[in-house]
There are 4 protein chains.
Amino acid sequence: MPLSEKQRENMKRKRTLILDVATELFATLGYEGTTIKKVSEAAEISFGSVFTYFKDKEALFYAVVVEPIEAFKNDVLSFNPESEEPLIELKIMIDRHMTIYASLQNYLMIVVQIIGQHNKYPEAFAKLDAFHDQFREKVKRLVENGQNKQVLIDQDPMTVATMYTSLLSGLRINSVDSRYSAFQGSFNETTMQLFGPIKQ
Amino acid sequence: MPLSEKQRENMKRKRTLILDVATELFATLGYEGTTIKKVSEAAEISFGSVFTYFKDKEALFYAVVVEPIEAFKNDVLSFNPESEEPLIELKIMIDRHMTIYASLQNYLMIVVQIIGQHNKYPEAFAKLDAFHDQFREKVKRLVENGQNKQVLIDQDPMTVATMYTSLLSGLRINSVDSRYSAFQGSFNETTMQLFGPIKQ
Amino acid sequence: MPLSEKQRENMKRKRTLILDVATELFATLGYEGTTIKKVSEAAEISFGSVFTYFKDKEALFYAVVVEPIEAFKNDVLSFNPESEEPLIELKIMIDRHMTIYASLQNYLMIVVQIIGQHNKYPEAFAKLDAFHDQFREKVKRLVENGQNKQVLIDQDPMTVATMYTSLLSGLRINSVDSRYSAFQGSFNETTMQLFGPIKQ
Amino acid sequence: MPLSEKQRENMKRKRTLILDVATELFATLGYEGTTIKKVSEAAEISFGSVFTYFKDKEALFYAVVVEPIEAFKNDVLSFNPESEEPLIELKIMIDRHMTIYASLQNYLMIVVQIIGQHNKYPEAFAKLDAFHDQFREKVKRLVENGQNKQVLIDQDPMTVATMYTSLLSGLRINSVDSRYSAFQGSFNETTMQLFGPIKQ
DNA sequence: TATGAATGAGCGTTCATTCAT
DNA sequence: CATGAATGAACGCTCATTCAT
């Protein structure tokens, strides 16, 4: 007797709930500071139930890190590196990335922890790294396009791409103390400078 | 019976030794992954001795984080915001910062962890934050100087300063995977773009 | 609505299947090492079904231990203590017992565990003990018969019976390492010596 | 500053105490039924102290099993297989073994559990097995000696040795229910029968 | 009857901290 | 001051059992 549709639905919701509260806790308290007990209490389920949905703490952490990647991947990569108007494309891209990164508060805090301890979380780190490489590569192509069309000054395109993604990460880090929002408007224009736009 | 000079010397060396091995361990294994036993073994002293020099684990961590600040503070802040040649000053400053950050491998790994977990380490975070504010403020003044002398384009100076320090941090983070060294030469010129240098 | 004949059959088969796989697992992994989940997987039935057939884990274990007793009881006790030819009867009996014990590999492993932990499994142990007493008593009568007919030397009959059954158990124990088969032919003759046969 | 002699003494006593209460508990409750908490309570020390003396539960169990071997090895093997009077040597040997086995109540209960679950305790089992082989081999040599001197009937000496050690183990097992003492006097003479003594 | 998600007590183990020596 | 044994709270995890479907 397989599970009814309703039960299946319920489980899906429960799993998502666990992931949500775990994301919050991992971001706030770190991997070690987050205990299964705290997760179960925050999700208002029993201790043992966490293990029904995730084999162990590591699997829960891995899911928290990896599953969102697919969700925001499309958003982050939704720019056209072959655009006829690279400068405009760039501007739109920066806007979008600032918005996305501003919304990923908790998630990025976890990312920072993984990078700071990447030896401890090799699988999760590998996934993030793979995404990052893809991201950087696509930015590079847009930079090349802009340079070819002579609307961007000549710089090593991969260097520019690396610095752009680094800046996004760095802004996130430097914004933790919430005394100032990292992602205010003036940031976008200064970020554009990195690409060396040529005034027409 | 007061301690002899020799004893005093010896204790000082022991304390420094503990801090050094602890820095390495905290950077590599994280706060929770670093145990007092591991520290004592790496320093080849007895377990109990660690507590002779540091009240508890937290105090050791705090010392590891805070004490080096004074040491590199002077280096990092050794640029002249009132320079007559802001562009040249900027270039020299970037060079120096890149060099310093490249040499602080372990320490910056710990900084990343603290920022990612700032709620957990409020005092250490506050110290780092205070330094960061001072750093940013001084960069801002150099930017203002450059803009006044019309060798830098007009942008909000604080924004530029924030993005510069963010970029330094972000580069550090994105360099962990050792496939590429974050601090290669081409980075310096692209970094300069952020400030919007005006071609003469 | 009563169960159909077919359903009843099906349930009987399922119950036997559970007992079989549980015997194998209890023998190999011990009581604690055997989990209901493993039993259900080995029997290719659902986890919950095990509880349909056995109230709890203890009941399953009890059934595994006690139910086979009836099955081999007749075999083990099928010798005639009043035989006119006690020496021949003895030889046949030893042969049969060696054969039976050699075939009860898994079961005897469980018996050994129960005896080693008899405080933990009092009911199961009591059943085994009762059988053992009956067994020993019947052997004793055959020994008395042989002594009366002066084909066995004079020894305390109960002592001989006890040592005989002890030897059967002990052989089983010493045979676990499968480097030598405990139940090879030469054993039977040496076993016979225990009874003190008088050469005619 | 190394530990003082007194402290060393104290630790030795504590370690022995833990081994003693653990032996009792393992024999009575089995490996799984024995918890570190129970051990610490029985030894009247703190929970954590058990781990000061034994790395983990498995190491404690291993020590309980292996360390006594050396202690009784000499006793068990203290017979002369080349004796000029094999029959007398045999009688003395049996007496001694009966006495030793009768005194190893708890220990032999543990041995039985290990044999019954030898896959689970491979190292401990290997040690016991090695001792058993040595034991059996030496008994075999005494049997050969007796056969050569024609005071024992001709039987395969290794078979006789195997059955003798099996009988010792089996008696131990069959004596658990304390309704009768396995090691009463009459046992020794019947045991002697196994070797096939030739009346002079 | 069959199923498997839900539960939480209880386990082994770690480790910061204390303190007698 | 140096040492390391002693302590026990807190962790991750397992699994027999229950029960809604």
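Once that is clear, we can look at the relation of the copies chain B and chain A. Note on the identical chains: chain B maps onto chain A by a rotation of 179 degrees and an axial translation of 0.1 Å, with an RMSD of 0.2 Å. Expressed as an axis order, the relation between the two copies is that of a two-fold axis. In terms of C-alpha distance to the rotation axis, chain B has Gly170 of chain B as its closest residue, with the C-alpha 1.8 Å off the axis. Counting the interface residues of chain B, we find that 100% of their copies in chain A are interface residues as well, pointing to one common contact surface.

The final tally for this structure, using the stated rule, is 36 salt bridges over all chains. Two residues, Lys120 of chain A and Glu32 of chain A, come together in a salt bridge whose shortest N-O distance is 2.6 Å. Pair noted here: Lys120 of chain A is in the loop between helix H6 (105–116) and helix H7 (122–148) and Glu32 of chain A is in helix H1 (residues 5–33), with a separation of 88 residues, a long-range link. Put simply, Asp56 of chain C and Lys55 of chain C hold a salt bridge, and the shortest N to O gap is 2.9 Å.

So, on to the interface of chain B and chain A. By convention, interface size is frequently given as the accessible area that disappears when the constituent parts associate. Residue-level contacts link 47 residues of chain B with 49 residues of chain A. Surface buried jointly by chain B and chain A totals about 3800 Å² across both partners, of which 61% is contributed by carbon and sulfur atoms. Three residues, Met163, Thr190 and Gln193 of chain B, lead the burial of chain B against chain A; their summed loss comes to 15% of the area buried on that side. Where chain B touches chain A, the interface holds zero salt bridges. Between chain B and chain A we count ten residue pairs in polar contact (both at pLDDT 80 or more) in total. Elements with a minimum of two residues in the side of chain B that touches chain A: helix H1 (5–33), helix H6 (105–116), helix H7 (122–148), helix H8 (157–174) and helix H9 (186–194) of chain B. Take the side of chain B that touches chain A: its biggest share by element is twelve residues, from H8 of chain B. Per-class residue counts for the side of chain B that touches chain A are 17 nonpolar, 22 polar and eight charged.

Attention now moves to the environment of Phe125 of chain D. Mapping Phe125 of chain D onto the fold places it in helix H7 (residues 122–148). For the pair Phe125 of chain D and Lys57 of chain D, spaced 68 residues apart in the sequence, the C-alpha separation amounts to 16 Å.

Another aspect to go through is the interface of chain C and chain D. In this assembly, 47 residues from chain C lie in contact with 49 residues from chain D. Across the chain C/chain D interface, buried area totals approximately 3800 Å², and carbon plus sulfur atoms make up 61% of it. Among the residues chain C hides against chain D, the three largest losses belong to Met163, Thr190 and Gln193 of chain C. Together they make up 15% of the total. Across the chain C-chain D interface, the total number found is zero salt bridges.

What follows covers the domain arrangement of chain A. Residues and elements named next belong to chain A. By the assigned domains, chain A splits into domain 1 (1–54) and domain 2 (66–194). Centre-to-centre, using C-alpha coordinates, domain 1 lies 30 Å away from domain 2. Both faces considered, domain 1 and domain 2 share a buried interface measuring about 660 Å² in area, 51% of it formed by carbon and sulfur atoms. Taken together, domain 1 and domain 2 are joined by two salt bridges. Measuring nitrogen to oxygen at the nearest pair gives 2.9 Å for the salt bridge that ties Glu67 to Arg15. In this structure, the connection of domain 1 to domain 2 is made through five residue pairs in polar contact (both at pLDDT 80 or more). Here the side of domain 1 that touches domain 2 is composed, by residue class, of four nonpolar, two polar and three charged.

Bringing the relation of the copies chain C and chain D into the picture now. Superposition of chain C onto chain D requires a rotation of 179 degrees combined with a translation of 0.1 Å along the rotation axis, giving an RMSD of 0.2 Å. A shared binding surface is used by both copies, with 100% of the interface residues of chain C retained as interface residues in chain D.

Let us now look at the packing of helix H1 (residues 5–33) of chain C against helix H6 (residues 105–116) of chain C. A pair of packed helices is captured by two measures, namely the crossing angle of their axes and the spacing between those axes. All names here are of chain C. Where H1 contacts H6, the two axes come as close as 8 Å, and the packing angle between them is 40 degrees. The angle between the axes of H1 and H6 places the two elements in the oblique class. Once H1 is placed against H6, the crossing between them reads as left-handed. Contacts between H1 and H6 involve Thr23, Glu24, Phe26, Ala27, Gly30 and Tyr31 from the first element and Asn106, Met109, Ile110 and Gln113 from the second. Here the residues of the contact of H1 with H6 sort into five nonpolar, four polar and one charged.

Procedures and definitions
- Residues numbered from 1 in each chain as written.
- Chains lettered and ligands numbered in written order.
- Predicted model: local features only at pLDDT ≥ 70, side-chain atom pairs only at ≥ 80, totals over all residues.
- Heavy atoms only, no water.
- Least-squares fit on C-alpha atoms with pLDDT ≥ 70 in both.
- Contact = heavy atoms within 4.5 Å.
- Salt bridge = Lys/Arg side-chain N within 4 Å of Asp/Glu carboxyl O.
- Helix = DSSP H or I, 4+ residues; strand = E, 2+ residues; numbered from the N terminus.
- Buried area = accessible area lost by both parts, 1.4 Å probe.
- Polar contact = N/O pair within 3.5 Å; in protein donor to acceptor, adjacent residues only side chain to side chain.
- Nonpolar A, V, L, I, M, F, W, Y, C, P; charged D, E, K, R; others polar.
- Domains from an automatic or database assignment.
- Axes fitted to C-alpha atoms, helices over the stretch in contact; angles between N-to-C directions.
- Parallel < 35°, antiparallel > 145°, perpendicular 65-115°, else oblique.
- Left-handed = near helix turned anticlockwise from the far one by under 90°.

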